[in-house]
Amino acid sequence: MDDRNTTGARSVFADAEMRASRADATRNRDQLLAVATRVFGSADAEPSMRAIAREAGVGIATLYRHFPTRESLVDAVYQDQVVRLTAGARELLGQLPPAAAMRHWMDLFGEWIATKNGMLDTLLAMIESGEIAHAQTRTELLTAITTILDAGCAAGDLRPDVTAEDIAASLIGIFTVAPQPEHEAKANRLLNLLMDGLRPAARPA
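Residues numbered from 1 in each chain as written. Predicted model: local features only at pLDDT ≥ 70, side-chain atom pairs only at ≥ 80, totals over all residues. Heavy atoms only, no water.

Engineer: Just give me the short version of the overall build of the protein, but keep the residues and values in it.
Structural biologist: Across its full length, the protein holds nine helices and zero strands. In sequence order, the protein lays out its α and β elements as α-α-α-α-α-α-α-α-α. The proportion of buried residues among the 205 residues of the protein is 36%. Excluding contacts between residues fewer than 6 apart, the proportion of contacts in the protein whose partners are at least 24 apart in sequence is 67%. Accessible surface computed for the protein: about 11800 Å², of which carbon and sulfur atoms make up 53%. (Helix = DSSP H or I, 4+ residues; strand = E, 2+ residues; numbered from the N terminus. Buried < 20%, exposed > 50% of the residue type's maximum accessible area, 1.4 Å probe, protein only. Contact = heavy atoms within 4.5 Å. Areas by Shrake-Rupley, 256 points an atom, 1.4 Å probe, with all protein chains shown as cover.)

Engineer: If you had to explain the packing of helix H8 (residues 164–177) against helix H9 (residues 184–198) to someone new, which residues and values would you point to?
Structural biologist: In contact at an axis separation of 9 Å, H8 and H9 are set at 160 degrees when each is read in the N-to-C sense. Comparing the axis directions of H8 and H9 gives the class roughly antiparallel. Helix-helix and strand crossings are classified by hand; for H8 and H9 the assignment is right-handed. Only Lys 186, Ala 187, Leu 190, Leu 191, Leu 194 and Leu 198 of H9 make contact with H8, whose side of the interface consists of Ile 167, Ser 170, Leu 171, Ile 174, Phe 175 and Val 177. (Axes fitted to C-alpha atoms, helices over the stretch in contact; angles between N-to-C directions. Parallel < 35°, antiparallel > 145°, perpendicular 65-115°, else oblique. Left-handed = near helix turned anticlockwise from the far one by under 90°.)

Engineer: Give a detailed account of the packing of helix H5 (residues 98–116) against H8, specifying residues and quantitative values.
Structural biologist: Across the interface, H5 lies against H8 with an axial gap of 11 Å and an inter-helix angle of 55 degrees. By the angle between their axes, H5 is oblique relative to H8. As H5 runs across H8, the sense of the crossing is right-handed. Taken together, the residues of H8 that come into contact with H5 (itself represented by Met 102, Trp 105, Met 106, Phe 109, Gly 110 and Ile 113) are Ile 167, Leu 171, Ile 172 and Phe 175. For the contact of H5 with H8, a count of residues per class yields nine nonpolar, one polar and no charged. (Nonpolar A, V, L, I, M, F, W, Y, C, P; charged D, E, K, R; others polar.)

Engineer: Give a detailed account of helix H6 (residues 120–129), specifying residues and quantitative values.
Structural biologist: Those residues of H6 lying buried are Thr 122, Leu 123 and Met 126. In a view along the axis of H6, the buried residues occupy a sector of 100 degrees, so they form one face of it. Across from the buried face of H6, at angles greater than 90 degrees, the exposed residues are Asp 121 and Glu 128. Summarising the contacts, the buried residues of H6 are in contact with helix H4 (70–95) and H5. (Arc of directions from axis to C-beta.)

Engineer: Now, about the side chain of Thr 122: what can you tell me, with residues and values included?
Structural biologist: With respect to the secondary-structure elements, Thr 122 resides in helix H6. For Thr 122, a relative accessible area of 10% puts it in the buried group.

Engineer: Describe the pattern of salt bridges, listing the residues and the values that go with them.
Structural biologist: Taken as a whole, this structure holds six salt bridges when the rule is applied. The residue Asp 196 makes a salt bridge to Arg 199 at a minimum N-O spacing of 3.4 Å. What makes Asp 196 exposed here is its relative accessible area of 51%. (Salt bridge = Lys/Arg side-chain N within 4 Å of Asp/Glu carboxyl O.)

Everything listed is a geometric property; what it means functionally is a separate question.
Set out below in C-alpha cells:
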C-alpha cells in the first residue's frame, strides 16, 4: 500500500477520533452544567463541588477537568442562564402570542433566581471583583423584557405604559417573597396577578 495513502487514512481516522472526542467532551460538559444548575437551584446553601459531581454520577476529577474552580462553574451556570433568558425571549415570541410569551418568560426568570440561591456567596464575590459584569447582565435582561413588551404593545396584548424596569422590579419582589421551588404555587398566583395588570384595560362597549 502506498505510504501516502496510509498516511492519509491515518489522518482521516485521527480527525474522526478527535471530533468524536470533542463531541463527547461537549456532551459531558453540558450534562455537568445541567446537573449543577439543578443542584444550585434546589440548595439552601452552596453545595460542595464533590456533591455536584456525585449528583452527576462522575468523579470529582471529571468535574474539575471541565470546571477547574468553583468560580468557573458558577460563571458557566450564570452565563448559561442569562443566555437562556435572552434567547428565550425571542424563541417564546416565535411560538406564542406576546402576553403568553411574557408569562412563560417570567417562569424562566424565576428559575434563574432560584439557581442563584445555591451559588450566591461565590456569585456576589465574583461580581464585586469584576469577574462577572452585573451591569451588562442587567442590560441584557431588560432588553429581553423590552423585546416582548414591544411585541405585546404592537399586538395590543400588553400595556404601552409599562417599562422593562417595572417588570424586572416586580419579578424580583415576587420571587423574594415567594422563592421557588418551595413557594411555587404562591409565585404562580402572584405572577398571574402581575400579568392581569400588564394587559390593557378593556374598552367600554
